[in-house]
Amino acid sequence: MINNTKTLYDEKVKSLAEKYESQGFRVSIEPKTDELPFELGNYQPDMIAIKDDSGLVIEVKTSLSRMSVDRLQALAEEVSKHPGWRFLLLTLEDIEAKSLPGTSEQFPSWQELTNRFIQAHKLIENDETEPAFLLMWSLFEGALRKRAVDVSIPIERFPVIGLLRHLYSLGELSISQFELAQACFEVWNRLAHGYIENLNLPVVHNFDNLVRELLGKWTVELAISQLSSENLAAFRAWFGEFDAASLDKREELRRNLVTA
């Protein structure tokens, strides 16, 4: 079993190296510390890929289990301090994607996710619960992956259960949010694979509230992180208005903040 895992790991690294090289990257496998373009302590990545003025520091794992993502988050934050550079964590369990990791992946913007949420919420109001739930899950998963990228948690390619567990363990989700998301995933999984699922309306409404809460929290936190010190006073005024506003008014204020 160990030999088989090692073989799969070697094949993954070799395949990645060939794909990056085919796209014009200069690839170094298991580079020594003094071969890295900047200081990362004693850390030795599995691979670095450099193209023009940008590059990727890549760690390859065989499994999601027993993985210290918090340590890798610190590495991701350090790498991101260098313009054009990004840390990637890849595993044998990653979701399939058309693009090569770190090259052209795109997630919907927070505004686009908010717009999708409004569409899903309207479907719920019209009692179209199944399409509403499927759309809500799609944007929820997109929000989880985008949040991971925004806060330098290198798990955006993980299968959704691994994604949820690591975001929970790192404090991005509360225990109640995590448990609700797990329950909704089980419902989505049955629906997505063709099984008949009688959707429980309280679960749909709770999921709707969860997604609303997380979208609001994460878009606001991102906006705050991008504010200059001169704009903090203006934000405090905005937050005072937001805190006292109705639900519809809050959506308008949130969109204005994100697009400002």
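Now for a look at the structure at hand. (Residues numbered from 1 in each chain as written. Predicted model: local features only at pLDDT ≥ 70, side-chain atom pairs only at ≥ 80, totals over all residues. Heavy atoms only, no water.)

**Thoughts on the packing of helix 3 (residues 110-125) against helix 7 (residues 201-225)**
Angle between the axes and distance between the axes: these two values describe a pair of packed helices.
Then, in step 1: Here helix 3 crosses helix 7 at 160°, and the two axes come no closer than 11 Å. Put simply, helix 3 runs roughly antiparallel to helix 7. Regarding helix 3 and helix 7, the two cross each other, and that crossing is left-handed. Together, W110, L113, T114, F117, H121 and I124 of helix 3 and V204, H205, D208, V211, R212, L215, W218, T219 and L222 of helix 7 make up the contact between the two elements.
Then, in step 2: Grouping the constituent residues of the contact of helix 3 with helix 7 by class yields 9 nonpolar, 4 polar and 2 charged. (Axes fitted to C-alpha atoms, helices over the stretch in contact; angles between N-to-C directions. Helix = DSSP H or I, 4+ residues; strand = E, 2+ residues; numbered from the N terminus. Parallel < 35°, antiparallel > 145°, perpendicular 65-115°, else oblique. Left-handed = near helix turned anticlockwise from the far one by under 90°. Contact = heavy atoms within 4.5 Å. Nonpolar A, V, L, I, M, F, W, Y, C, P; charged D, E, K, R; others polar.)

**Examining the sheet that holds strand 3 (residues 54-61)**
Then, in step 1: Pairing is mixed in the open sheet, where 4 strands are placed in the order 1-2-3-4. Strands with a single pairing partner mark the edges of an open sheet, and in this sheet they are strand 1 (26-29) and strand 4 (85-91). Pairwise comparison of adjacent strand axes, ignoring direction, gives a mean angle of 20° for this sheet.
Then, in step 2: Across the sheet, helix 2 (residues 69-80) is in contact with strand 3 and strand 4; its angle to strand 4 comes to roughly 150°. (Pairing = 2+ DSSP bridges.)

**Section: the side chain of D46**
Then, in step 1: By the secondary structure assignment, D46 is in the loop between strand 1 and strand 2 (47-51).
Then, in step 2: Buried and unpaired, D46 has K61 as its nearest opposite-charge partner, separated by 6.4 Å.
Then, in step 3: Here V60 takes part through its backbone nitrogen, which lies 2.7 Å from a polar atom of the side chain of D46. (Buried < 20%, exposed > 50% of the residue type's maximum accessible area, 1.4 Å probe, protein only. Lys, Arg positive; Asp, Glu negative; His and termini not counted. Salt bridge = Lys/Arg side-chain N within 4 Å of Asp/Glu carboxyl O. Polar contact = N/O pair within 3.5 Å; in protein donor to acceptor, adjacent residues only side chain to side chain.)

**Observations concerning the pairing of strand 4**
Then, in step 1: The element strand 4 is largely enclosed, with a buried count of 6 among its 7 residues.
Then, in step 2: Sheet analysis places strand 3 next to strand 4, joined by 7 bridges and oriented parallel. Within strand 4, the residue paired with K61 across the bridge is T91.

**A closer look at helix 6 (residues 175-192)**
Then, in step 1: Helix length check: helix 6, at 18 residues, gives a terminal C-alpha distance of 25 Å against a target of 26 Å (1.5 Å per residue), a fit within 8%.
Then, in step 2: For helix 6, the full list of buried residues reads Q177, F178, L180, A181, C184, F185, V187 and L191.
Then, in step 3: Residues of helix 6 that are buried sit in contact with helix 4 (129-150), helix 5 (160-169) and helix 7.
Then, in step 4: Directly after helix 6, the chain includes G194, whose backbone phi takes a positive value near 90°. (Expected span 1.5 Å × (residues − 1).)

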